[in-house]
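Per-entry structural report
Here is what each chain is made of, one letter per residue.
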Amino acid sequence: MTASLLGSFLVLQPIKPLKPRLHRNPRIPRSSITICAAEPRPIKNGGGERRSSMEVGGGGAPRRRNPRKSSYGTSRRSVIKKSFAQEQVVFATPVAKDPVVAIIGGGISGLICASTLEERGIRSTVFDTGVHGLGGRMATRMIDPQPLVFDHAAQFFTASDPRFQKLVDRWLEKGLVRQWKGLLGELEAGGRFTPISSSTARYIGMKGMRPLADSILCQNRWVNIVRPCWISKLEPFNGMWYLTEKEKPHGHFDAIVIAHNGKCANRLLSTSGLPLLTRQMKRLELSAVWALLAAFKDPLSIPHNGAFTDFEGAFVKGVDSLSWMANNTSKLFPLHSDMPQCWTFFSTAAYGKRNKVPQENIPKVTAEKVKEDLLNDVEFALGLSKGSLQCPFYTRVQLWGAALPTNTPGIPCIFDPHGRAGICGDWLLGSSVEAAAISGLSLANH
């Protein structure tokens, strides 16, 4: 159980046994790389290219043959039904000698995919929605002018796969990461702290997780980065994928990689002509988790716990809304005890589900409620008397609406050779930085 916890992407609580694996398509062969089988209905045109009910309109844009009004309506179920009913895109023309790949999603999986493609001599463009930087859940919030620094998603990572360990060793040599040797344990309600002993090395970014993510593609001539950018449409035409953002064109590409998940990925795939990838993505179930960032003037400690009064991270047990707490200041800046104490608190998945709202537009009343609930449970977890927790001078809440998968197919990546499109992400193997990296690397090599 501890090994699973140490490798989790968002460190929350003991990972429960996974739900049954996603139903396997009998046409998909069993292999380390799942190749999505397709059932195209090819249509020969004058140029010899096969398309699945896709033809070129007079204006030069792709359009469906025999368009007709949908009888499904507009409910969520009908949208899913329509996306499953879409016909498979089939590219029959040869791949260009100097192909370019579009990678939609700049989390660790998409970044490692782009970096690995570069090592193989393949150019790519990474499209990411991040305003503050790349990395997805490799997220670090920096608040000036103090500065206050919070890792507010992935807290640390471990390495068990030799391929990922090789990557981590490279980061160690460059001074991008170091081992986290701070006191870590389990905190039961009332302030009962038990250290976790483990021989597994835990790693953190030297200056936080996001700077590590930003460094992966630093000064890279083979990878173009476009952000912030919300790709809203994928359109196949003449053996290429055309990408647009709210009617704004973003170029054409020989192949595409979907390196993110959740409702945005589902929406993007629902009219793409990639029904098999769509079906796999829509089977994914995700939990929501709240993060509270809080800065205190003085250290937080357990009043009645002997030698373990100060710790850097704890899995919280027996508390309704709280699953994890970590001191970013002591973790990232162990030699600077005079700095403000910046803590990250994570909710439980159950609390996240009960209080889920649109993460792009969190109501103020919800933000205040979440802050109050989490701070009250921090007080309870530490065993402090009611109302005695010091008041933080800075707080911020964030909802990770697609934080952790509750099911997984247990494969590194999925690739549709007919549509030259693939999916990578940590959710395919579990939920960890390592899983994300292995998925991106596997898809790039495939």
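Residues numbered from 1 in each chain as written. Predicted model: local features only at pLDDT ≥ 70, side-chain atom pairs only at ≥ 80, totals over all residues. Heavy atoms only, no water.

Points about helix 7 (residues 275-282)
In terms of residue burial, helix 7 counts as a mostly covered element, since six of its eight residues are buried. Taken together, the buried positions of helix 7 are occupied by P275, L276, L277, T278, Q280 and M281. (Buried < 20%, exposed > 50% of the residue type's maximum accessible area, 1.4 Å probe, protein only. Helix = DSSP H or I, 4+ residues; strand = E, 2+ residues; numbered from the N terminus.)

Some thoughts on helix 4 (residues 162-173)
Over its twelve residues, helix 4 runs 16 Å from end to end, which matches the ideal 16 Å to within 8%, given 1.5 Å per residue. On its buried side, helix 4 packs onto helix 3 (108-119), strand 10 (177-179), strand 13 (203-205), helix 5 (209-216) and helix 11 (433-445). A side-chain oxygen of the first residue of helix 4 lies 2.7 Å from the backbone nitrogen of R163; this N-cap is D161. Positive phi appears at G175, one or two residues downstream of helix 4, with a value of about 75°. (Expected span 1.5 Å × (residues − 1). Contact = heavy atoms within 4.5 Å. Polar contact = N/O pair within 3.5 Å; in protein donor to acceptor, adjacent residues only side chain to side chain.)

Brief notes about the sheet that holds strand 19 (residues 286-296)
Pairing within the open sheet is mixed, and its seven strands lie in the order 12-11-20-21-22-19-23. The outermost strands of the open sheet, each flanked by one partner alone, are strand 12 (192-195) and strand 23 (394-405). Recorded for the sheet is a direction-independent mean angle of 20° between the axes of neighbouring strands. As judged from the three bridges shared by strand 20 (residues 313-317) and strand 21 (residues 322-327), these two strands associate in the antiparallel manner. Looking at the pairing, G313 lines up with A326 of strand 21. (Pairing = 2+ DSSP bridges. Axes fitted to C-alpha atoms, helices over the stretch in contact; angles between N-to-C directions.)

A look at unusual backbone geometry
Leaving glycine out, the prevailing phi sign among residues is negative, and the prevailing peptide bond configuration is trans. Here the bond from D144 into P145 is cis, since omega is 5°, no more than 30 degrees from zero. Phi is positive for N238, which is not a glycine, with a value near 50°. Its location among the elements puts N238 in the loop between strand 15 (233-237) and strand 16 (240-245). Among the residues examined, N238 registers a relative accessible area of 43% and is labelled partly exposed. You will see that E247, though not glycine, has its phi angle at about 75°, which is positive.

As for the pattern of salt bridges
Tallied over the entire structure, the rule returns nine salt bridges. A salt bridge links R123 to D98, with the nearest nitrogen and oxygen atoms 2.8 Å apart. Of this pair, R123 sits in strand 7 (residues 123-127) while D98 sits in the loop between helix 2 (76-85) and strand 6 (100-104), and the two are 25 residues apart along the sequence. Looking at D98, the relative accessible area reads 44%, which means it is partly exposed. The partner of D426 in a salt bridge is R137, and the shortest N-O contact between them spans 2.6 Å. Placement of the pair is D426 in the loop between strand 25 (421-423) and helix 11 and R137 in the loop between strand 7 and strand 8 (140-143), with a sequence separation of 289 residues. (Salt bridge = Lys/Arg side-chain N within 4 Å of Asp/Glu carboxyl O.)

Observations concerning the pairing of strand 17 (residues 248-253)
Here strand 16 pairs with strand 17 via four bridges, running antiparallel. From the neighbouring strand, T244 faces strand 17, where its bridge partner is P249. What sits between strand 16 and strand 17 in their antiparallel hairpin is a turn of two residues, with K246 showing a positive phi close to 50°.

Re the sheet that holds strand 17
Taken in spatial order, the three strands of this open sheet run 15-16-17, and their pairing is antiparallel. A single partner strand is all that each edge strand has here, and the edge strands are strand 15 and strand 17. The sheet shows a mean angle of 25° between the axes of neighbouring strands, direction not considered. Across five bridges, strand 15 lies against strand 16 in antiparallel orientation. Considered in strand 16, the bridge of E235 is made with Y242.

What about the packing of aromatic side chains?
Applying the stated criterion across every chain, the model contains 14 aromatic pairs. Aromatic pair F156 and W324: ring centres 6.2 Å apart, planes at 50°, arrangement tilted. Here F156 is found in the loop between strand 9 (148-151) and helix 4, whereas its partner W324 is found in strand 21, with 168 residues between them in sequence. Taking relative accessible area as the criterion, W324 reaches 0% and is therefore assigned buried. The structure contains a cluster of three or more aromatic residues connected by ring pairs, namely F156, W180, F315 and W324. (Phe/Tyr/Trp six-rings, centres within 6.5 Å; stacked < 30°, edge-to-face > 60°.)

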